[in-house]
Structure formats: C-alpha cells, structure tokens
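# Observations on the three-dimensional arrangement
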Amino acid sequence: MSNHIKKGNTVEIISGNDRGLRGTVQWVYPKKERVIISGINIVKKHQRPMRAGRTQVQPGVIEFEAPIHISNVMLVCPRCNQRTRVGFVQQEDGSKVRVCKRCGEVID
Ligand SMILES: [Zn+2]
C-alpha cells in the first residue's frame, strides 16, 4: 500500500503538529510504511560529547527530520496542486501508473 508515494514527491501533512504543511519526500521506508519529509517533524536531540572511534563528536543540539507514518501524508498532485488520493491505472504494456483521483492526471 505504500507504493503510492515515492521519493521526490510533494506531500501534504494531514495530521499532527505539522498538519497542512507541505514538503518533499526525502526517503521512503516501505516495510515500516514511513517517510521522511524535508522540513517536517523536526526533532532535536541533545548530543553529549563523546568519542566514536577516532572522531570527536561535537556536543550540542542536533536537528533532524524524523520519519512519519505514511498514513499521515497525502500526495499533492503536480497538476491540480491539491492533496489527493492516488489511483492506479494499468497501461497497455501491463505496467501501472499513478493517477490523481481529482483531475485524472498521470503522476508517474
Ligand atoms: Zn490532480
């Protein structure tokens, strides 16, 4: 079910603190059904000074995007610019392409 969203797509967040925001899919974890969206779900982690092998890890606050569940995002159609459900249409060669359920545009 997670193959309706792919790396590089623009998505809109539909729940949580970041609801209504949009971002680009940076990474997809298909098995976990989670995605990383640029600028969304930023978490701060306090890094203690420590040594990892020969490298000295600098102390401070690290900010990074945490994965969010794929059910919390919807694809934004590049044509109609609205968040949309995704349909699949089989082509003549047997491959499936994604289509916007609002305007019918092929997204792939
Ligand atoms: Zn559309």
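Residues numbered from 1 in each chain as written. Predicted model: local features only at pLDDT ≥ 70, side-chain atom pairs only at ≥ 80, totals over all residues. Heavy atoms only, no water.

## Considering the domain arrangement of the protein
As a reminder, the rule being used: Note that the domain bounds were set by an automatic or database domain assignment. In this description, contact between two residues means that some pair of their heavy atoms is separated by no more than 4.5 Å. As a working definition, buried area equals the accessible area (1.4 Å probe) given up by two parts on being put together, with both sides summed.
On domain assignment, one finds that the protein holds domain 1 (2-76) and domain 2 (79-108). Here domain 1 and domain 2 have C-alpha centroids that lie 25 Å from each other. Across the boundary between the two partners, domain 1 contributes 11 residues, which contact 10 residues of domain 2. Summing both sides of the interface, domain 1 and domain 2 together bury roughly 900 Å²; the carbon and sulfur share of this comes to 55%. For the domain 1 face of the interface with domain 2, the top three residues by lost area are H4, M74 and L75, together amounting to 48%.

## Looking at the coordination of the zinc ion
Here is the rule: Excluding water, the donors of a metal are its N, O and S neighbours within 2.8 Å, or within 3.2 Å for Na, K and Ca, and that exclusion means sites may look incomplete. Angular criteria define each label, namely tetrahedral for four donors with all angles between 85 and 135 degrees, square planar for four and octahedral for six donors with opposite donors over 155 degrees apart and remaining angles between 65 and 115, and irregular for whatever fails these tests. The numbering of helices and of strands both runs from the N terminus, where a helix is a DSSP run of H or I of at least 4 residues and a strand a run of E of at least 2. Type-normalised accessible area, obtained with a 1.4 Å probe on protein chains alone, sets the label of each residue: buried when under 20%, exposed when over 50%, and partly exposed for intermediate values.
The protein atoms that coordinate the zinc ion are C77 (SG), C80 (SG), C100 (SG) and C103 (SG), at distances spanning 2.2 to 2.3 Å. Classification of the site at the zinc ion rests on its 4 donor atoms, whose angles at the metal span 102 to 120°, yielding the label tetrahedral. Mapping the donors of the zinc ion onto the primary sequence yields the spacing C-x2-C-x19-C-x2-C. Note that C77 is positioned in the loop between β9 (73-76) and β10 (83-84) and C100 in strand β12 (residues 96-100), a separation of 23 residues in sequence. Note on accessibility: C77 and C100 belong to one class, buried.

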